[in-house]
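Geometric and topological summary
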Amino acid sequence: MTPEDLKALVRTVPDFPAPGILFRDVTTLIGHGQGFAAAIAHLAERAQAAGAQAIAGMEARGFIFGAAVAARMDLGFVPVRKPGKLPVPTIGVDYALEYGRDRLEIDPQAVHAGQRVVLVDDLIATGGTALAAAELLRRAGALVEHALFVVDLPDLHGASRLRDAGLTVEALMDFPGH
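Attention here is on the structure that accompanies the text. (Residues numbered from 1 in each chain as written. Predicted model: local features only at pLDDT ≥ 70, side-chain atom pairs only at ≥ 80, totals over all residues. Heavy atoms only, no water.)

To continue, consider the nonpolar core. With 29 residues, the main nonpolar core has Val80, Leu104, Val117, Leu119, Leu137, Val144 and Leu162 as its most contacted residues. Residue assignment for this core shows that the elements contributing at least two residues are strand E3 (54-58), strand E4 (76-80), strand E5 (91-97), strand E6 (100-106), strand E7 (116-124), helix H5 (128-139), strand E8 (143-152) and helix H6 (158-164). Per-element tally for this core: the top contributor is H5, with 7 residues. For Leu104, the contacting residues outside a window of four places in its chain are Val80, Arg81, Ile91, Gly92, Val93, Tyr95, Thr129, Ala132, Ala133 and Leu136. By size, the runner-up hydrophobic cluster in this structure holds 28 residues, among which are Leu29, Ala44, Val150 and Val151. (Core = buried A, V, L, I, M, F, W, Y, C linked by side-chain atoms within 4.5 Å. Buried < 20%, exposed > 50% of the residue type's maximum accessible area, 1.4 Å probe, protein only. Helix = DSSP H or I, 4+ residues; strand = E, 2+ residues; numbered from the N terminus. Contact = heavy atoms within 4.5 Å.)

Now the structure itself:
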């Protein structure tokens, strides 16, 4: 299936989570076996071209896509977690959200110095979570130069923010609006 075929599998939910928002719901893509497999194949192809030595994904849907890409490539997966979820000492980074702050954490032993780690997530909107994940992985010693997404919402400028931070950004599809 082509990325255009996959785009047709993403459900749009109007007025969620607030009036005027068009929510791009990837659960319909995940629930379509052939579509999900094709999305993983496309992402893995791009991660391979980027020279990935490990894949990192942000909680929660980044775990779905990232772990599947890592498994397809026979690579390790680095979970980038919400605070308090890992049973070992962690390093973390606080970051700004549209309405508040959040935090991401990793086990610093999950990556090694100079390891080429590719970020994978379902959607890039404003880019805050992906920027925080890249910063965190870099702080742990990883080389993070690529971020891959299923969906880009270019009107929210997240991909531009990641590019400004030195990341190559690719998405399988994009949707106008927010």
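The next thing to look at is unusual backbone geometry. Note the cis peptide between Phe16 and Pro17, where omega equals 5°. Considering the arrangement of structural elements, one finds Pro17 in the loop between strand E1 (11-14) and strand E2 (22-25). Phi at Asp74 is positive, roughly 60°, even though this residue is not glycine. Within the secondary structure, Asp74 is located in the loop between helix H4 (61-73) and E4. Although it is not a glycine, His157 adopts a positive phi angle of roughly 65°.

This part covers the side chain of Gln115. Along the chain, Gln115 turns up in the loop between E6 and E7. Overall, Gln115 belongs to the buried group, its relative accessible area being 10%. Contact partners of Gln115, with chain neighbours within four places excluded, come to Gln53, Ala54, Ala110, Gly141, Ala142 and Leu143.

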